[in-house]
Amino acid sequence: KLNRYTDWTNYLMREMREQPWTNLIEGWLAQLTPGLSGAAGNPLIRTAHVLQAAQSHSSDVLMDELAASLAYWFAAYRRLPGIVGGAKAGSLPPDTALTSIRWINKDGIPVYKTLGQGLSELTGNPYFTGVINLIAMPTDLDQVVHDMTEVFCRVVLAHSTHPLARIPFIQAINVLSATRFILPYIQ
């Protein structure tokens, strides 16, 4: 789907010329957020940086970057396996949910060329689809993001002797940190 990046960029730039981005962003994020794992979360991070900058000023260059960031997200869109949220939403706080997860490769650290390759291995994995909805989703999303960031920081520290195990958890922290900047645009 990355071959559609230019098409998405042109479409989004045209949309933003027809109406203010602030009228469009909530709808786009509602469509994109379920696919945040595409390109290992980097499109979300890129979009979050643009939205943070757009809070203080706006320019044509910034709006072009917003269109390009969102286009990257649309083109790289990848949902995690399993059904997220809704009636399936859990009841556990993030730290308790983490202790409920069975580690897939407890004895050996898998080596992936990309984080996307590691995410692909989650598809069809019954352990992952069974835990994706353990966390309760209260109305205070800021608190959930804070709690999940704290949990992933503890995981990184616990696995500091395994450099290859750290990378996906550090990226999770990056994605969660960037999520703080898109929360004001999500209902």
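Whatever comes next refers back to the structure up there.
Residues numbered from 1 in each chain as written. Predicted model: local features only at pLDDT ≥ 70, side-chain atom pairs only at ≥ 80, totals over all residues. Heavy atoms only, no water.

Visitor: Is there a simple way to explain the pattern of salt bridges in this structure?
Guide: Between side chains of opposite charge, a pair can form when the charged atoms approach closely. Tallied over the full model, the rule gives three salt bridges. As a salt-bridge pair, Asp7 and Arg4 come within 2.7 Å of each other at their nearest N and O atoms. Using a relative accessible area of 46% as the deciding quantity, one classes Arg4 as partly exposed. We note a salt bridge from Glu150 to Arg154, for which the minimum N-O separation is 3.1 Å. Of the two residues, Glu150 and Arg154 both sit in helix H8 (residues 141–158), four residues apart, roughly one turn of that helix. Judged by relative accessible area, Arg154 falls into the partly exposed class, the value being 39%. (Salt bridge = Lys/Arg side-chain N within 4 Å of Asp/Glu carboxyl O. Buried < 20%, exposed > 50% of the residue type's maximum accessible area, 1.4 Å probe, protein only. Helix = DSSP H or I, 4+ residues; strand = E, 2+ residues; numbered from the N terminus.)

Visitor: How do you make sense of unusual backbone geometry when you look at a structure like this?
Guide: Trans peptide bonds make up the majority, and among non-glycine residues the majority have a negative phi. In this structure, Ala39 is a non-glycine residue whose phi angle is positive, near 50°. Relative to the assigned elements, Ala39 resides in the loop between helix H2 (21–32) and helix H3 (42–54). Judged by relative accessible area, Ala39 falls into the partly exposed class, the value being 29%. In this model, Ala40 sits at a positive phi of 55°, which is unusual for a non-glycine residue.

Visitor: I would appreciate a short explanation of the nonpolar core in the present structure.
Guide: One finds Met16, Trp21, Ile25, Trp28, Leu51, Leu66 and Leu70 to be the most contacted residues of the largest nonpolar core, which totals 27 residues. Put simply, the parts of the chain that give this core at least two residues each are helix H1 (5–18), H2, H3, helix H4 (60–76) and helix H9 (163–182). Counting residues per element, this core draws most heavily on H4, at eight residues. Beyond its immediate sequence surroundings of up to four residues, Leu51 is in contact with Trp21, Ile25, Leu29, Leu66, Phe181, Ile182 and Tyr185. (Core = buried A, V, L, I, M, F, W, Y, C linked by side-chain atoms within 4.5 Å. Contact = heavy atoms within 4.5 Å.)

Visitor: What should I look at first to understand the environment of Asp95 in this one?
Guide: Counting through the fold element by element, Asp95 comes out in helix H5 (residues 94–99). With a relative accessible area of 38%, Asp95 lands in the partly exposed category. Note: C-alpha distance between Asp95 and Phe152 (57 residues apart in sequence) is 9.1 Å. Apart from the residues within four sequence positions on either side, Asp95 is in contact with Val151 and Arg154.

Visitor: How do you make sense of the environment of Ser177 when you look at a structure like this?
Guide: Counting through the fold element by element, Ser177 comes out in helix H9. A relative accessible area of 29% places Ser177 in the partly exposed class. Separated by 31 residues in sequence, Ser177 and His146 place their C-alpha atoms 8.4 Å apart.

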